[in-house]
Each structure stands twice: as structure tokens, then as C-alpha cells.
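Spelled out from the first residue to the last, the chains are:
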Amino acid sequence: MMKNTQPVSLKQVKIDKGFWGYYRDLAFSSMIPHQWRALNDDLSDAPPSYSLRNLRLAADRNRGLSSGETYQGPCFLDSDLAKWLEAAAGWLAARPDEQLEKSIDEVIDLLAAAQEADGYLNTFGSLVLGKNRWRNLRDEHELYCSGHLIEAAVAYFEATGKRRFIDIMERNVACIAEAFGREPGQRRGYPGHPELELALMRLFHVTGNPHHARLARYFIEERGQQPLYFEEEKKRAGREQADWPPYIRPPLRQYQAHKPLKEQQTLDGHAVRALYLLSGLVDVAAESGSSELMQTAERLWDNCIRHRLYVTGGVGSTHHGEAFTFDNHLPNGTAYAETCASIALVFAARRMLEVQPRSAIADVMERALYNNCLASVQLDGTRFFYVNPLQVWPSASQQEPDHWHVKPERQKWFGCACCPTNLIRLLSSLDRYVFTYNSQTIYQHLYIDSEAVFSMANGLVQLTCRTRYPADGAVTLHKDGAACRLAWRVPGWCRQHTLMQDGRQVVPDIENGYIQIDCPAGPVTVSLTFDMQPCRVTCDPAVPENIGKVCLQRGPLLYCLEEADQGRELWRLYLPDNSPVDLDWHQAWPGDIPGLKAAGYRQADGSVDSLYRFAETPELVPVRLNFVPYYVWGNRGPGEMLVWLHALPG
Ligand code: FUB
Ligand code: ZN
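Residues numbered from 1 in each chain as written. Chains lettered and ligands numbered in written order. Predicted model: local features only at pLDDT ≥ 70, side-chain atom pairs only at ≥ 80, totals over all residues. Heavy atoms only, no water.

**Here's the deal with the coordination of the zinc ion (ligand 2)**
For step 1, the next point in the chain: Every protein donor of the zinc ion (ligand 2) is accounted for by Glu-338 (OE), Cys-340 (SG), Cys-418 (SG) and Cys-419 (SG), and the metal-donor separations fall at 2.0 to 2.3 Å.
For step 2, the next point in the chain: Around the zinc ion (ligand 2), the four donor atoms are arranged such that angles at the metal cover 96 to 116°; this shape is classified as tetrahedral.
For step 3, the next point in the chain: Sequence spacing among the residues donating to the zinc ion (ligand 2) works out to E-x1-C-x77-C-C. Taken together, the positions of Cys-340 in helix α14 (residues 339-355) and Cys-419 in helix α17 (residues 418-428) put the pair 79 residues apart, joining distant regions of the chain.
For step 4, the next point in the chain: Residue classification places Cys-340 among the buried residues on the basis of a relative accessible area of 2%. (Donors = N, O, S within 2.8 Å, 3.2 Å for Na, K, Ca; no water. Tetrahedral: all angles 85-135°; square planar, octahedral: opposite > 155°, others 65-115°. Helix = DSSP H or I, 4+ residues; strand = E, 2+ residues; numbered from the N terminus. Buried < 20%, exposed > 50% of the residue type's maximum accessible area, 1.4 Å probe, protein only.)

In C-alpha cells, the structure reads:
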């Protein structure tokens, strides 16, 4: 099955106003410069990154200028720099910046200098592995880092038209293609951490070189074949590679490499790996036309969103291996829900939408974007969450090992800093998630204030979307240019919507959750209104953690309770089913987003002073509940936080 629509290219959509305009400004004015300092080990009171330092060492070593210093930090630091480069390229596409372009070009010079004569490019590999390159594909991330550098090169090419970085990465891909495959003398390996698959498909799309797509397909199809490459690799190494204990996860499931993808029934293992892999799988399945691969992608996606997705759009239920666990296991207080995993979910969703726009998929993309992803950054853009829990109890974070990963406040930087750089590349490429299109129809998946131009079968179409969404649900669209079909997603959370075309209400067809109208050539104005009453969300009773609980959502934004408003021991709070929920404009957050308020109850201490009580009826004291949007939690000092609270049947 081919893709039914395509994504926009880097300069096709402009986003500089409204809710996301604020975040894009923050990314460009604060996050990108802050992270550049981090990558240069220039942040005080924060762990060093070592990324640029290592790259400079590798470049010097290749030029014969070895200083005797060695590589420092985890083996995948090239990827942090690559993600920063990708984000910076996105900035250049949005607004030219000579100084930034110069910094990027200097890094590209260093990459060129660090690249070995046969195209191999990896600072850890050059400085540490030497002749032992590719010895431990399962853990050592050489192919993963190449994937991220390829993505950066593609973005830089799209932003500037300059080929140098692409050329470097095509030489690197040639080196990889020579080493891996099914020909005699090649290794039948594949990445321990998927990423290269989707990157090769991006490279294929900009260069048109079919070898890149073939290599991606090889990696997808070879994964998990017998004999299992990672088992063979371990035997060859003649030493123990640290495995996950079988009571945590069966061998190789952590890497999605325990059996061929076509035989895998559930989305398992390390969550970021699983979702990068799924993204690459969708691209390869569509390009190759393999219905079996596409069915695999659909099956794995369905399993994820039906049984393994937090209401925040987070994924990954355990810190043991940053991984999925099993169906309906969604613990709130020990959730991992890594920022990168949620971003990877957004990547996978966009690719699924390219295949066939379906509103339920875009709902997931929106959920992840507005909640888990956005909550990962402090409102000033300089601190980040890696883990995004749904319940925080600071005493547990400090004193209980299975909660240590849950931080009550964002951090400046991390020893493993994959998340902050991933977030900025997501923000700088946000335009790619708003629309997908084909020659006849433009599908709008997200309601983001934007201006866009599309080349359609009948000619050029200009589309302007003006909206304060998610502050309210009113969206005005001006279309000009050629005749075309326009399709808008009806969000799953919306109970009522209206559509006015040139001042008249119309009741259009809905297909796969998208309302669609045929627009004649020339100007057309459409007003969409999505009812944004706050609504109660409950969970499938198969999820033990959330039974009898409720949380609040308004539009795409999920809400939570914080110690700053309610005091400690948030688990004592109840929201009665019949208590009206009102907007609270006294607590407006960036983007003019209101808080929510409702009358609720707090369970009092009770009359008996003992841990266990016999036949005591809980005493409920009326309190006002003040909810804040989940994406701003943790901006008022460390403290407790809670998404799901007790529902009180009315
Ligand atoms: O392994 C590279 C990155 O570091 C992963 O994607 C993250 O989950 C973190 O483990
Ligand atoms: Zn991460």
C-alpha cells in the first residue's frame, strides 16, 4: 500500500503566531542557544555534554593531531549534536541567521574532518573502537548516530540548498552499505537502536537514490531473522554483554530483535527504539508496497494506542530499560514516558497519517504533542524533563529506588541528554505535522495558526489558518488559488462542531473522521468551531491503576493538580461526577490557556489515629479543586502533582 498523502517540505508552512508561535520563538531565542552552550560544555551547574569536545578530538585524530585525550560520555553523543543541527537547520528555514549558519557550517567542517577515508563517521568509533568498529551493534549506537546525522543533513539541505552535509552522509551510507547486507563478506546485522531506517528513507526522498531505500528495507526485514544477529555477536565477542535479566524482559525483546517484525504482535521493548522502528517500518512498507509489512505496522500501532499509551501521550511504563511492559500496565507514579518516546510517537503517527488520514491517529499525535512533549520543557525554555510522570510524590522520588527517575523539577542538562535536543528538532519541524496532502486534497490534522502553500493538480493553493487554539476552538481558514478539496480532522474529544463556508452553515461529509468540502478556484473562507467544554476522561477498566478515577481535559490539553494549589497528599482529593467544571481565567498560562476549577472533596484524617481502621466511613471535606494544564506543571517549584484523581459517583 502506497502512501495516500505526503508531508509538507521544510519551507512550505509558516508558523510564527499563536500558541505555537510562542513555543517556536522560545525554541529559537532560548532553547537552541541554551543547548548550543550545553553541547559546548558551557553550562554552569550542569553535567557536561562532551559532544563537541569529542567531535573535535576525532577530527584532530583523523588529521594526525592526537592530543592523547580520550572520548568521554555515553557512546551516542554524536546524536545529541545531530539533533541540535537538525533543529538549527529548521530555524534557518524559518528565518535566515548568518551567525547560526556559520556555527552549523563549522560543525559540518568538523564532521568532514572526523570522517574516515572510507566514509565511516562516528566519534566514539574513531576514538574508542578503532579497528573494532561494528563489534557491538546491539549497544554501541554507531548506526543510530548515523541515522541522526542523516536527518540533520537532510534538514540542512532543505533549509539551505547546500549539499556538503548530504555528501558527507552519503559517503557514510556507502560505508554502511558495504559493511551490511546479505552478500558474501557482509555482516547480516542491523541497528541495536533503530533510527537509521527512517533516516535512510528521508535521505531517499531528497536524493531519489533507490539504494538508500533498499538498505532501509534490508534493515527492517533482516531484524530478528535466525540466526539472531545479536546472539551471534555476543558469541563472537567472547565476553558477556550485559543483558537485561529475563525476569525484566525476555532476551532481545528489549531491542525488538527477538523475531522478525512480521511475527511481532505487540509493540515491545525500549520505547524510543520501538517507535523509531515503527516509523521506519511505515516508510519502508509504503515505499516497497508490501502489504505484510504495512499490516505489521498497523498491528503494532494499534497495540500501542489501545493498551500502552498514557492519557498524556506518554509511552514506556517502566524505567527498567526505558520500556513498554505489557497490555494495560500503565502505572502513574513510576511511569517512564520519556520525552523522546513521545516525540517518536509523533513521528510514527505522522507517517501513519501519510498512508491514510484517520482522525484517531491524529488524535494520538495531538495528545502527545500538547501534553507529554510540551510538558518536558520549563516555560523559560532552559530546563527539561526526561521522564514525564502522571503522579509525583517528591518523598518517593528521593527515597524509593523505583521512583528515582521521577523528578519533581526539570533539569538543566543530563548525562544522557537525548530528550532536550529531540524536543527542539520537533518544535523546529512542527510544520510537518499540521498538514499532509495529495494532488487533490489537503488534510489538516492540527489546528495551528499558520500560512501554507500547496502545489496541487489544479495549481497553487494558499491556505491561511488563524486561530487561538487551544485557548478556544474557533478556527478561520482562508483558501485562495486553485480548486481543491479541503479536509479537517474532527478531534475525538470534540462533542460538537460547526462549519461555516463563506458565512453559510454547511453540513459536509465526514470520512475517516475528517470533514471535507470541495472548494472552487478563488477565495473561500471557512470557519470551524470545535466545542471545547472541559470534559471528564475515564479509562478502560482493564487498567487497574485508573479504575474509579477521572481526569480532566479541555480541547487537546490535559489537566492536573499541584501541591502549589492544593497542599500535600493530592491522593486524598475527589471530583464528584456531578460537580460542574468551570474555566478559571485567573490562572491563565502562556497562550492564554485557562485553569479549570470545580467543587470537590478532600478526605480528612478521620477520628482514629491508627494506620488501619475498622468500619470507619471516610470523612470528606468540601474543597475547591484548581486544575492546571499538564504542560505547565512543575513551573512553580518542586512539589506533588497528580493527573488521575478519585471520581465520586453522583
Ligand atoms: O540510547 C540512545 C537514547 O538514550 C535513547 O533513545 C534514549 O531512550 C536514551 O536511552
Ligand atoms: Zn530521551
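**Re the site of ligand 1**
For step 1, the next point in the chain: Surrounding ligand 1, one finds Phe-76, His-141, Tyr-144, His-193, His-270, Val-272, Glu-322, Glu-338, Tyr-386, Cys-416 and Cys-418.
For step 2, the next point in the chain: Within the side chain of His-141, a nitrogen or oxygen atom sits 2.7 Å from an oxygen atom of ligand 1.
For step 3, the next point in the chain: Here the shell around ligand 1 is built from residues that sort into six nonpolar, three polar and two charged.
For step 4, the next point in the chain: Counting contributing residues, the shell around ligand 1 receives three or more from each of domain 1 (31-39 + 48-223) and domain 2 (270-429). (Near = heavy atom within 4 Å. Polar contact = N/O pair within 3.5 Å; in protein donor to acceptor, adjacent residues only side chain to side chain. Nonpolar A, V, L, I, M, F, W, Y, C, P; charged D, E, K, R; others polar. Domains from an automatic or database assignment.)

**Section: the environment of Lys-407**
For step 1, the next point in the chain: Within the secondary structure, Lys-407 is located in the loop between α16 (394-399) and α17.
For step 2, the next point in the chain: Note on Lys-407: relative accessible area 30%, which makes it partly exposed.
For step 3, the next point in the chain: Separated by 20 residues in the primary sequence, Lys-407 and Val-387 have C-alpha atoms spaced 7.4 Å apart.
For step 4, the next point in the chain: Ignoring any residue separated from it by four or fewer positions in sequence, one finds Lys-407 in contact with Phe-385 and Trp-633. (Contact = heavy atoms within 4.5 Å.)

**A look at the packing of helix α3 (residues 77-94) against α17**
For step 1, the next point in the chain: In the contact formed by α3 and α17, the axes pass within 8 Å of each other and the chain directions differ by 20°. With respect to their mutual orientation, α3 and α17 come out roughly parallel. Relative to α17, α3 is oriented so that their crossing is left-handed. Residues Asp-80, Lys-83, Trp-84, Glu-86, Ala-87, Gly-90 and Trp-91 of α3 pack against Cys-418, Thr-421, Asn-422, Ile-424, Arg-425 and Ser-428 of α17. (Axes fitted to C-alpha atoms, helices over the stretch in contact; angles between N-to-C directions. Parallel < 35°, antiparallel > 145°, perpendicular 65-115°, else oblique. Left-handed = near helix turned anticlockwise from the far one by under 90°.)

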